[in-house]
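The chain contents come next:
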Amino acid sequence: MKRLLTLFIFLSVIGAYANYAFEPAKLVMQEQERLTMHQRLMKLGELSDSLEYDRSIEMASTLITEAKQKNDNRYLFHGYNYLSLTYDLLSDTIPALDYAEKALHYAKLSKNDTLISWGLNNLAASLAYFPKRKNEVLKLYKESLVIQRRLNDGEFIDAALNIAELYRDDGNYTMMYPYLKEAQDSYDPESLYYDNPKAYLDILWGDYYKGLQFDNKALSYYKSAFELVEAGKMEYLALDFYDRYAKFLAENNKPEEAYAVHQRYFDYYSHKERTKATETVQLAQARLEAEELRRERNDAKFKQEILDQNLKRKKTQSVLLGSIIGLMVLFLAYLFYSEKLRLGLIKNLKVNNKHLKKAKERAEKSERAKTKFFSNLSHEMRTPLYGVTGIVSLLEKSEAFKDYKEEIGSLKFSADHLLEIINDLLDLSKLEDESFKLVKKPFNIKLLAEELVTSFEQHSLKNSNCKIICDVDASIPNYVVGDSRRISQILLNILGNAVKFTPKGVIALRLKDRLLPSGKHAIYFEVEDNGIGIPQEMHESIFDEFSQIDEKSTANKGTGLGLPIVRKLLLKMGSDIALKSEPGRGSTFSFVIEFKEATLLEVIGKLKKEESEDAEAFVADLTNQRVLIVDDNKINRMVTRRVLERQHAEVFEAQNGEEALALTQKSHYDLILMDINMPGMNGYETSKEIRAFDKEIPIIALTAAEAEYIRKKAKEYGMNDVITKPYNLSQFSKVIVKELKINTLITGSPV
């Protein structure tokens, strides 16, 4: 019934329009001639709002003609931009894209940043219909975003919203968040907008939380978006959003709400179909009138026919009626086809949802496998490294090798460098783990920057022609609250990168402060060098894992992990890194992080804790303590034995789980240091067997693996604690003292 009613309304509109279809079009032309270019621009907006696309196209063409005569690039931009938008609404993507490109061309000629930003946004929107040009779309939106940030004129930053939507389509919610947050921060509820962007924001926030599986938050934002779309009668948003909102409500056991939303979707869908039919008739009439005018100008014989206007109208109405009947048949066929297509799409959507669910399960399985792989990789690399660092430390303290002090130092440096690479790999894995947490404690940010520069001067720049300087604003507070270890890691990676690619020159570390209305300090970090520079085409790829600059003049290129770690850490902190660089002209890396200034009580508490930790920097006196080392690696057993014997412990060894089980059944031990990954009976299984007959003896896992699930699993199998190799001797002793419940200590140094 609704479709039949739609057809009757459609025919009524066409019939009424036919009565005045041949009124002299000269009146419209005369009206346009009286208008100024500014008035035409205002009129274009009205025609577009009222869906009079034929008149809108004619008005835009007239504006372009006059603007070309006056060489006015601004109005040329507006004319072509309106043509692009109109053809986009008519779903005619090819001319829409062509006119969008012309609009951007004239926006750039006008040198008006606001128009350029609009032009970039609209061209990106037109390109979005072509999936293969997705990278161009993202680049255009980012160019627009840079301009909008620079203008800082209080307007809503729609480019950030568009970028967030692109990352949503890719399922990249980590990259989506900072842009969505920036768009949210630019929204001013007191401002008047043509279309309230709050509706767009709420839809994308709902998509973000839905992607993270926070269904309650997603439902809350979706509900707010639904109310805003209804209040503003935003048909295009309703058609894009309501169908999937209804499905999400159904998935969350809200069938009644899902049904109501779905009904509104079909209301808008039906209205759109009626609008399309009306637009088709309007365009046909516009072409007919244009043809009639050309005939009047080109053939004098039409003068006689104009005198018999009534007869011509009747003939025209007959032709128009035949056209209407034909259009009605086409419209019915279109409705039948669209309904069939819709049912097919729903069926395909259900199939795709099943495939997506399976893909999600495979991705989760892959993530678990990756975590286990990094843990195993850590163990396999740290195990031999533990032997190397342990033996080097023993040789350092031996009088017999004092003549080889320099060689041993070089060996230790190489081992430390290898440990840094392993730690980079592990950090890369940890940053993708949801359990990753930032530690927020008071620290002296000025001292941190100065110590980093001093460290580079004493080590990395010792045999270099490069110079490093540090410039810190006096207004920056001494103590702020944040994760000092991660800030150091970020700056170390960027400074290390600058040193590698600046064989001769100056590297500058600068810190600038801006006090925010909230009371926080927005601290701007910048590392500038005048080294070899980075080509434009590599500005994004260098932040990909294992990516390197192909520069023959630089021998030490590193692993390609530093900058990816930097970006991921900054994203965890709600920031991102910016890069300015050209080949031969150096590079500038910068980012901004907000800090709260530390209170006096927080600083005093931190200093007391540091004094307490310094007081505990000793090793244990393990006299008369019987310790069993269980490890399949002979070198590791030797290193651990030497460390324990220096602390006066009585040490015993077992090279596998079976031998350890036999020894503990026959003899008493005060402590067991248990390796986890051993052939045959591993450390977990051995500990479980020992716990069957001895519940009291402390068992400490001494492992090269480093992952949170290792610690949890060790507890499940009855182990008391975990020590990761290579370890700090002070920390090693602290864990042993805690488990043995002794408090005798001797001075020591780290292994």
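Residues numbered from 1 in each chain as written. Predicted model: local features only at pLDDT ≥ 70, side-chain atom pairs only at ≥ 80, totals over all residues. Heavy atoms only, no water.

Draft legend 1. Geometry of a nonpolar patch on the surface. A surface patch of nonpolar side chains, about 400 Å² in accessible area, is lined by Tyr-334, Tyr-337, Leu-341 and Leu-345. Here Tyr-337 shows up in helix H16 (residues 309–396). (Patch = residues over 30% accessible without salt bridge, like charges linked within 9 Å, V, L, I, M, F, W, Y side chains within 5 Å. Areas by Shrake-Rupley, 256 points an atom, 1.4 Å probe, with all protein chains shown as cover. Salt bridge = Lys/Arg side-chain N within 4 Å of Asp/Glu carboxyl O. Helix = DSSP H or I, 4+ residues; strand = E, 2+ residues; numbered from the N terminus.)

Draft legend 2. Focus on the side chain of Ser-590. Structurally, Ser-590 can be placed in strand S7 (residues 587–597). With residues up to four places along the chain from it excluded, the contact list for Ser-590 reads Tyr-524, Phe-525, Glu-526, Asp-576, Ile-577 and Ala-578. (Contact = heavy atoms within 4.5 Å.)

Draft legend 3. Up close: the pairing of strand S4 (residues 504–515). As defined by bridge partners, strand S2 (residues 465–472) adjoins S4 across eight bridges and the pair is classed as parallel. Bridged to Cys-470 within S4 is Leu-509. Connecting S4 to the next strand, strand S5 (residues 521–529), in antiparallel fashion are five residues, including Gly-519 with a positive phi near 100 degrees. (Pairing = 2+ DSSP bridges.)

Draft legend 4. Seen up close, the environment of Val-639. Tracing the chain through its elements places Val-639 in helix H22 (residues 634–646). The exposure class of Val-639 is buried, given its relative accessible area of 1%. Sequence separation of Val-639 and Thr-389 is 250 residues, and the distance between their C-alpha atoms is 9.2 Å. (Buried < 20%, exposed > 50% of the residue type's maximum accessible area, 1.4 Å probe, protein only.)

Draft legend 5. How the structure looks around helix H13 (residues 235–251). End to end, H13 covers 24 Å across 17 residues, agreeing with the expected 24 Å (1.5 Å per residue, within 8%). The largest bend in H13 comes to about 35 degrees, at Phe-241. Within two residues after H13, Asn-253 carries a phi angle of roughly 60 degrees, on the positive side. (Expected span 1.5 Å × (residues − 1). Bend = angle between axes of the 7 residues up to and from the residue.)

Draft legend 6. Geometry of the sheet that holds strand S13 (residues 721–724). Across the sheet, five strands lie side by side as S10-S9-S11-S12-S13; this open sheet has parallel pairing. Of all strands in the sheet, those bounded by a partner on one side alone are strand S10 (650–654) and S13. This sheet shows a mean twist of 25 degrees between the axes of neighbouring strands, independent of strand direction. By the bridge criterion, four bridges tie strand S12 (residues 699–703) to S13 in an arrangement that is parallel. Across the sheet, the residue bridging to Ile-700 is Asp-721, located in S13. H22 contacts strand S9 (626–630), S10, strand S11 (671–674) and S12 of the sheet and is inclined by roughly 165 degrees relative to S10. Each of S11, S12 and S13 touches helix H26 (residues 729–740); the most contacted strand, S13, lies at about 165 degrees to it. (Axes fitted to C-alpha atoms, helices over the stretch in contact; angles between N-to-C directions.)

Draft legend 7. Just the confidence of the model for the protein chain, in detail. Across the protein chain, the average pLDDT comes to 78, with 74% of residues at or above 70. Across residues 287–293, confidence stays below pLDDT 50; counting only partners more than four residues off in sequence or on other chains, it has six contacts. Across residues 747–751 the pLDDT falls below 50, and counting only partners more than four positions away or on other chains, this stretch makes 15 contacts in the model. (pLDDT = per-residue confidence, 0-100.)

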